[in-house]
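Coordinate inspection notes
Below, each chain spelled out in residue letters.
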Amino acid sequence: MKLITAVVKPFKLDEVKEALQALGVHGLTVTEASGYGRQHGHTEVYRGAEYRIDLVPKVRIEVVVEDEDAEAVVDAVVAAARTGKIGDGKVWTVPVDGVVRVRTGERGPDAV
Amino acid sequence: MHLADATPALDTGDTAWLLACTALVLLMTPALALFYGGMVRTKSALNMIMMSFVSIASVSVVWLLAGYSLAFGEDTALGLIGGLDHLGMAGIAPDAVTGHVPTLLFAAFQLTFAVLTVALISGAIADRARFGAWVVFTVLWTLLVYVPVAHWVFAPGGWILAKLGALDFAGGLVVEINCGAAGLALALVLGPRLGFKREAMRPHNLPLVLLGAGLLWFGWFGFNGGSALGANGLAAAALLNTQAAGCTGLAGWLLVEKRRDGHATTLGAASGAVAGLVAITPSCGSVDLVGALLIGLAAGVVCAYAVGWKFRLGFDDSLDVVGVHLVAGVIGTVLIGVFATAVMTGGPAGLLHGGGLAQLGKQLVAVAAVGGYSFAATYGLGRAIERVLGFRAEREHELTGLDLAVHAESAYDHGVLGHGSATAHAAVLAHSSDRSPAV
């Protein structure tokens, strides 16, 4: 199994969700996040004083899928989240040793 | 104000108007609390609001016990200070009359001015003052600075208005320049906030700022309209001038912002309106509508630039008491010497209306006297409090926010994890359930 983590622009969340549903991914976890990459932040002005805001709002989406589905899921997330402009985000994959469904105690791929 | 002109006799219309105005002006302090509260960071929002609220209580009590008597009692020293005859409002019966209104009502109306002036100063030391020291400051500053200045300007025997002949209709000297100069002094005594010029210290809630500014504007009709001390044409003119200057102040600030920064901001709109209203406060009873429009515009434009001074000169007047109140107060007070018309004042006229330079000179003397006294006396008082009690909050409290450290409260609880356990309540429940089986 693989854990796929995507940090994307908040307004792209719905499109990413729909793309994952279309692929048959059953569940996901979403967290509000903030950070910056090459884009860095933006400038806000209060009474003429400029403030450089480094951390930009993002959402962090996490899904666990079986190994053979991982590549397709990553592609779907990337396609849905892309605007082509700077700050579109990152997607990465890490191996998962085990998963347990809390309600039933099922383990492994059945629990995903 | 025209205290000395009125032949004492109660007028119910005037009294009704001033009763309403007193309530309007009292509203300005909670409005200021929101205006300031929204401009600080989340971690100290309650403390900022509380500095205004506690001023309502402390200044009111001081005013009723001693302030009114010293400000408006019989002059005892060359127009510098009043007497002690009316301590605790002694000797003022309900049927005593000042002008056309009950003296007790006049005292209450003036009380609301004192409260607001003190609360205004707190904006200069946001996020870093010890609360207890602030409360002590409100009491002492009212007696040592506000009361004498109110006597000089507003009392029938005061040296600035009655003897010198400078004009201040509703408190450009007493309220605006006074609080601005005091704010500058305290900002210097306390020093800048930790992280000043390095960290983003953004307003945490701009809708709150705009709500506060809107309520201030509403209250300002009582502030300026009420200063006619009667329900009459002068009150109407003052009220109209107030509206005019608030609007052009807002417009002036936004024009500067749009040209300089590319955006017209909400904080700029609120600040510009307040700047215009500040500037028209001294002048609303002596200029015509065109004068009011120009004074408001001048204040909006100049103050939009002036708020940048604190970054260049290095003093941290957190919420721009200097850049807005001192600067706009000076603009409004000095421009009386330019725009005053004899039609409004019933006497002196300004430069543009054939009055020559005389009135302008008097206005400048008054500005220098009040600004200089307020700055020097407040600096001395601030230093004394710093030495005896400590005025600056502890470093740790300033960093984590004064709300938790001082008040054991936080303004907002947005997270799902912030619930903790209800210790006191749980202890009570545990105690009662322990005992219940034995009953």
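Nothing here was measured: the structure is a model prediction, and the numbers come from that model.

A closer look at the UniProt feature "modified residue: O-UMP-tyrosine" (unreviewed entry) in chain A
- Per the UniProt entry, the sites bearing "modified residue: O-UMP-tyrosine" (unreviewed entry) are Tyr51 of chain A in this numbering.
- Its location among the elements puts Tyr51 of chain A in strand E4 (residues 49-53).

Topic: the pattern of salt bridges
- In the structure shown here, the tally under the stated rule is 15 salt bridges over all chains.
- Residue Glu44 of chain A is joined to Arg202 of chain B by a salt bridge in which the shortest nitrogen-to-oxygen separation is 2.9 Å. Of the two residues, Glu44 of chain A is situated in strand E3 (residues 42-46) and Arg202 of chain B in the loop between helix H6 (172-190) and helix H7 (206-225); the pairing between them involves two chains.
- Note on Glu44 of chain A: relative accessible area 18%, which makes it buried.
- Between Arg47 of chain A and Asp320 of chain B there is a salt bridge, with the nearest N and O atoms lying 3.0 Å from each other.

Some points on the interface of chain B and chain A
- Listed per partner, the contact involves 20 residues of chain B and eight residues of chain A.
- Summing the contributions of chain B and of chain A, the shared interface buries around 1,100 Å²; its carbon and sulfur component is 61%.
- Three residues, Arg202, Asp261 and Leu267 of chain B, lead the burial of chain B against chain A; their summed loss comes to 35% of the area buried on that side.
- Our count for the contact surface shared by chain B and chain A stands at two salt bridges.
- For the pair chain B and chain A, the number of links is four residue pairs in polar contact (both at pLDDT 80 or more).
- Every element with two or more residues in the side of chain B that touches chain A is listed here: helix H1 (12-39), helix H8 (233-261) and helix H9 (266-283) of chain B.
- Broken down by element, the residue count for the side of chain B that touches chain A peaks at four residues, all from H8 of chain B.

Some thoughts on empty space enclosed by the protein
All names here are of chain B.
- Taken as a whole and assessed by the stated rule, the structure comprises two cavities of 30 Å³ or more.
- Considered as a void within the structure, the largest cavity measures approximately 50 Å³ in volume.
- What lines the largest cavity is Met28, Leu32, Phe35, Leu116, Leu120, Glu176, Leu216, Trp220, Val274 and His325.
- Elements with a contribution of two residues or more to the lining of the largest cavity: H1, helix H3 (103-121) and H7.
- At three residues, H1 tops the list of elements feeding residues into the lining of the largest cavity.
- In the lining of the largest cavity, the residues fall into eight nonpolar, one polar and one charged.
- Considering only enclosed or pocket space, the second largest cavity measures out at about 40 Å³ in volume.
- If you trace the second largest cavity, you find it lined by Ala306, Val307, Trp309, Lys310, Phe315, Asp317, Asp320, Val322 and Gly323.
- Those elements that provide at least two residues to the lining of the second largest cavity are helix H11 (309-313) and helix H12 (321-339).
- For the lining of the second largest cavity, the per-class residue count stands at five nonpolar, one polar and three charged.

How each quantity is defined
- Residues numbered from 1 in each chain as written.
- Chains lettered and ligands numbered in written order.
- Predicted model: local features only at pLDDT ≥ 70, side-chain atom pairs only at ≥ 80, totals over all residues.
- Heavy atoms only, no water.
- UniProt positions renumbered as here; feature names shortened; annotations may be inferred.
- Helix = DSSP H or I, 4+ residues; strand = E, 2+ residues; numbered from the N terminus.
- Salt bridge = Lys/Arg side-chain N within 4 Å of Asp/Glu carboxyl O.
- Buried < 20%, exposed > 50% of the residue type's maximum accessible area, 1.4 Å probe, protein only.
- Contact = heavy atoms within 4.5 Å.
- Buried area = accessible area lost by both parts, 1.4 Å probe.
- Polar contact = N/O pair within 3.5 Å; in protein donor to acceptor, adjacent residues only side chain to side chain.
- 1 Å grid on protein atoms, 1.4 Å probe; cavity = no way out; pocket = protein on both sides within 12 Å on 5 of 7 lines; lining within 4 Å.
- Points joined across faces, edges and corners; volume = space filled by probe spheres on them.
- Nonpolar A, V, L, I, M, F, W, Y, C, P; charged D, E, K, R; others polar.

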